Amino acid sequence: MSSNELFIVLIAMIGGAIRVSTPFMFVALGETITEKSGRINLGLEGNLVLGAMVAYAGSYSTGSPWLGVLMAGCAGLVLGAMHGYICKLPKVNDIAVGIAFMSFGTGLAFFFGKPYIQPSAPKLEAILLGEWTGNTQIAQALQVNPLFFVGIALAVFLWWAFANTRWGLILRMTGDSAASARAMGVSIDLVRLLATAAGGFLAGVGGAFLSLYYPGSWNEGLSSGQGLMAVALVIFARWDPIRCVYAALLFGAAGALGPALQSIGISQGYYFFNAAPYILTLFIMIASAQSKSAAREVPGELSIVK
Amino acid sequence: MTVVASDVPVARFRLGLGAIHTIEAILIPVGALIASAILFSIFLLILGKSPITFFSLIWTGGFGSAFSIQNTLQRSAPLILTGLAFAIPARIGLTLIGAEGALVLGGFAAAVTAIPLVTGGVTPVIGLPLMAISAMAVGAVWIGLAGWLRHYRGVNETISSLLLSYIAIAIMNFFVEGLLRDPGSANKPSTMPIGDAYRIGPMPGTSVHWGLAAGLVLAVALYILMSRTTFGFAARMTGGNVRAAQAQGLPVGMLVVGCCAIAGLCAGLAGFFEVAAVHGQANASLVAGYGFTGILVAFLARQNPLAVVPVAIMFGALAAAGGLVQRRMGMPDATVLVLQGIIFVVLLTSETFYGRIPFLQARRSGERT
C-alpha cells in the first residue's frame, strides 16, 4: 500500500466515521437517558428499524425529509413509551421486554415498509464543508449531514443538563437509588417512562438518518444490529454523553473499514471487515466489564450490571 | 376465637402450591395468546382485512391437510432445537439470544466437514455422524463462549450472544463468498453441495426430515436432565440464587458454561439438519430467523423443555401458513413477524400476573377472608 493509498483509506475512514457514527450517536444518547434513569431498553434496534421505515415513508409521501425525521422520532417515542409502561408493571423483566420490542419493531417496519422498498424518497441534504480544498476525496469525506451536528449539540446539552439541572438531578437520583427518589417524593415510574420514551424518540431519529442519508434507502437489511451495538457502546462510554460521541466515532471508523479498503481495490475479506464493528464491540465489552471506573459510574439501579 | 371460626368454611377448598403453579403456567400463557389474537384481529380490521379469513387460513395452511401438517412439522423441527437453546440457559438465569449464530455456524461447519468426506468417497454412515458432531461441537463452543464470558469476565450475555451471532453470520459469508465458494453457485454463493448420497431422507412414511425426531428426543432428554438429575438441580439452584449456589460449593462456572454448551449443541444440530436435510449446502438461506423465533417459543413454553415441543409446532404452523396468507390475502410475508411481535410483547406483559390472580391465591396463615 503506497502512501497515497494510505491517505485515501484514512480520508475515507474519517468520512466514514462521520457518516456511520450518527445513528450510533443518537441511539447511544437515547439509551444513556434511559439507563441513567435505572432502566435498560434493549429494544432500540426495533426503534431504529421502525424509525428508518417511517422516515422514508414520511419523506416519500410528504416530500419533506425533515418531516420524515420528526415522524420517525414519534414512532420511536411510541415504542419507547410502550416499553416504559410495560416495564413498570411488577415482575416484568426489562431485558426480555427489550428483546420482544426488538422483534415487534422490526416486524412492524417490515410489514409497512414493503411498498417503500422500490420508490425513491427525498433525502436529507448534506452540508459541504470540504469544497474549498479542491480535493475530491476530502470534499467527499467532508459532506456532513446536519444531524451529525445536532447529535453533537445534543450530547453537549445532555452532559450539561445531567450535571446542572433539576431534571438531570432527578433522573440521576432515580437511576442511582430508587429508595432515595421515593423519599424525595419523585414518581420513579413516571421518570423512567419519560426517560424510556425520550430514548425511543432519539433512536427513531437515528433510524431516519439510516434511510434518509446513509446508506440512504429503505430495505430490510438496513440496520443489522446497530441499535444493539449502540446499547453496548453506552456501557463502554460509561453513561457519559460526551464519551458516547467519541465511542460512536470509533464505531463509525470501524464500520467504514471495509468500504474504505474496497475504495482502493482491496475487496478480499470485505465480509470479514464487515464484522469489524461487532468484534470491536465484543472486545470493548470484555474490557469495560473488567474496568473499575465503569463499575464506579454505573447507575445503581441498572439490572444489566447487577 | 372469632377469627378461627370464620376461617373454617374457607378451608374446605384449597389448591396445593404445586397445582397453583401448574395452573398459572398454563392459564397465563394461553390467556396471553388469546389477548394477542384479539389485538392482532384489531390490527387486521384497521387495515380492512378479515381476521376470520386470516385465522382460518393459518389453520388450513398449518394443519388443513396431510401436506400442510408435514410442512408444519418440517418447520417446527429447527424451532424445537432453537427453543431448547434458549430454554436451557434460561434455567440457570441467562438470557442468551445467540442461537441464530450457533445454527448458522453449525450448519456451515457441517457443510465444510462434508467437503473432504464427499470428495474422499467416505460412506455417509460414517460421514453424516461426523458432520453432526462437528456442527454440535462448533455450536457448543460458540454459545459456550458467551457463557464463559459471562461467568469469568462479567460480560452481559444477552448482548455478547447477539454480537456473536452477527460475527457467526459474517464468518459464514466470508468463506462462502470467497475461499469455499462452489464455482457452480452463480446467483447464490454456497459451499459445495453435499450430494444426494449425503442428503438425509425423510422419516419413513412421511416427508418430514429426521430433525423432528432429534428435537423430540433432545426435548425429553433435556427435560429429564433439568428436572430429574443432580446437574439439573444444581443448575436450577444457580438460576435461583447464584450466591447461595456458590456458598453451597457448587461449581457455578462449570454449570453456566455447561448449560450454554448444551444450548449451542442444540442450535448447532438444528444447523446440521438444515444443511443435511433441507438445503444440501451452506448459504445465506441458513439465516432464516429460526434462532429468534426460538426465543419466543421458549418464553411461551416457560422454559420447560417438554412444553417447547407443542409451542414450536404452533409457530411452525404459523410459518408454514405464511405463504398461503401472502397469496390469498395479499399481505406481505412480514405479517407473521407482526403477529409474533405482538405475541412476544403481550406474553412478557402477562408475566406480571404470576402470583396475582385473585382466585388462585393460597391463603396465608393469619389472613382474613
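Residues numbered from 1 in each chain as written. Chains lettered and ligands numbered in written order. Predicted model: local features only at pLDDT ≥ 70, side-chain atom pairs only at ≥ 80, totals over all residues.

1. Concerning the overall build of chain A
Item 1. Along its length, chain A carries 14 helices and two strands.
Item 2. Relative to the compact-globule value of 19 Å for 306 residues, chain A shows a C-alpha radius of gyration of 19 Å, a close match.
Item 3. The C-alpha extent of chain A, read off along each of the three principal axes, is 65 × 45 × 35 Å.
Item 4. Within chain A, counting contacts between residues at least 6 apart in sequence, those at least 24 apart form 78% of the total. (Helix = DSSP H or I, 4+ residues; strand = E, 2+ residues; numbered from the N terminus. Rg over C-alpha atoms; globule rule 2.2 N^0.38 Å. Contact = placed C-beta atoms within 7 Å.)

2. Remarks on the overall build of chain B
Item 1. Counting its secondary structure elements, chain B contains 14 helices and zero strands.
Item 2. Overall, chain B shows an N-to-C arrangement of helices and strands of α-α-α-α-α-α-α-α-α-α-α-α-α-α.
Item 3. Taken over the C-alpha trace, chain B has a radius of gyration of 23 Å; the compact-globule value for 369 residues is 21 Å, and the two agree within 12%.
Item 4. Dimensions of chain B, computed from the C-alpha atoms along their principal axes, are close to 90 × 60 × 40 Å.
Item 5. Buried positions account for 50% of the 369 residues belonging to chain B.
Item 6. Once local pairs closer than 6 in sequence are excluded, the contacts in chain B between residues at least 24 apart make up 79%. (Buried ≥ 20, exposed ≤ 12 C-beta atoms within 10 Å, placed from the backbone.)

3. What to know about the packing of helix H2 (residues 44–62) of chain A against helix H4 (residues 94–113) of chain A
All names here are of chain A.
Item 1. One way to put it is that H2 packs onto H4 with a least axis distance of 7 Å and a crossing angle of 15 degrees. As far as their axial angle goes, H4 and H2 are roughly parallel. Of the two elements, H2 crosses H4, and the hand of that crossing is left-handed. Here Glu45, Gly46, Asn47, Val49, Leu50 and Met53 of H2 come into contact with H4, specifically with Phe101, Met102, Phe104, Gly105, Thr106, Leu108, Ala109, Phe112 and Gly113.
Item 2. For the contact of H2 with H4, the residue count by class is nine nonpolar, five polar and one charged. (Axes fitted to C-alpha atoms, helices over the stretch in contact; angles between N-to-C directions. Parallel < 35°, antiparallel > 145°, perpendicular 65-115°, else oblique. Left-handed = near helix turned anticlockwise from the far one by under 90°. Nonpolar A, V, L, I, M, F, W, Y, C, P; charged D, E, K, R; others polar.)

4. Regarding the nonpolar core
One broad trend across soluble globular proteins is that nonpolar side chains are buried collectively.
Item 1. Judged by nonpolar contacts, the single largest core of 225 residues is most densely connected at A:Ala28, A:Leu233, A:Cys244, B:Leu84, B:Ala263, B:Cys266 and B:Val308.
Item 2. For B:Cys266, the residues in contact, after removing those within four places along its chain, are B:Leu81, B:Leu84, B:Ala85 and B:Leu218. (Core = buried A, V, L, I, M, F, W, Y, C linked by C-beta atoms within 7 Å.)

5. Remarks on the interface of chain B and chain A
Item 1. Contact residues are listed per partner, giving 35 residues for chain B and 39 residues for chain A.
Item 2. The element best represented in the side of chain B that touches chain A is helix H7 (residues 157–177) of chain B, accounting for eleven residues.
Item 3. For the side of chain B that touches chain A, the residue count by class is 21 nonpolar, eleven polar and three charged.

6. Some details on the packing of helix H1 (residues 3–36) of chain A against helix H6 (residues 146–164) of chain A
Each pair of packed helices can be summarised by the angle the axes make with each other and by the distance between the axes.
All names here are of chain A.
Item 1. Where H1 contacts H6, the two axes come as close as 9 Å, and the packing angle between them is 25 degrees. By the angle between their axes, H1 is roughly parallel relative to H6. By crossing handedness, the relation of H1 to H6 is classed as left-handed. From H1, Ile18, Thr22, Met25, Phe26, Leu29, Thr32 and Lys36 reach across to H6, where they touch Leu147, Phe148, Gly151, Leu154, Ala155, Leu158 and Phe162.
Item 2. Residue composition of the contact of H1 with H6, by class: ten nonpolar, three polar and one charged.

7. A look at the environment of B:Ala219
Residues and elements named next belong to chain B.
Item 1. Looking at the secondary structure, you find alanine 219 in helix H8 (residues 211–228).
Item 2. What makes alanine 219 buried here is the crowd of 24 C-beta atoms within 10 Å.
Item 3. Distance in space between the C-alpha atoms of alanine 219 and cysteine 266 is 9.7 Å, their sequence separation being 47 residues.
Item 4. With near-sequence residues (within four places) excluded, alanine 219 lies in contact with Ile80, Leu84, Pro305, Leu306, Val308 and Val309.

8. Considerations on the environment of A:Ser187
Item 1. Considering the arrangement of structural elements, one finds A:Ser187 in the loop between helix H8 (178–183) and helix H9 (188–212).
Item 2. Considering only alpha carbons, one finds A:Ser187 and A:Ser103, 84 residues apart in sequence, at a separation of 30 Å.

9. Side note on the confidence of the model for chain B
Residue and element names in this part refer to chain B.
Item 1. Averaged over every residue, the pLDDT of chain B is 89; residues scoring 70 or more account for 94%.
Item 2. H8 holds the highest mean pLDDT among the elements of chain B, 96, whereas helix H1 (residues 2–7) holds the lowest, 46.
Item 3. A low-confidence stretch, residues 1–11 stays under pLDDT 50, and its non-local contacts, those more than four residues away or across chains, total five contacts.
Item 4. Per-residue pLDDT stays below 50 along residues 365–369; that stretch engages in four contacts with residues further than four places along the chain or on separate chains.
Item 5. Listed scores for the predicted complex are pTM 0.91 and ipTM 0.91. (pLDDT = per-residue confidence, 0-100.)

10. Some remarks on unusual backbone geometry
Residue and element names in this part refer to chain A.
Item 1. With an omega of 0 degrees, the peptide bond running from tyrosine 214 to proline 215 counts as cis.
Item 2. With respect to the secondary-structure elements, proline 215 resides in the loop between H9 and helix H10 (226–236).
Item 3. At arginine 238, a residue that is not glycine, the phi angle is positive and equals roughly 50 degrees.
Item 4. Topologically, arginine 238 is positioned in the loop between H10 and helix H11 (241–263).

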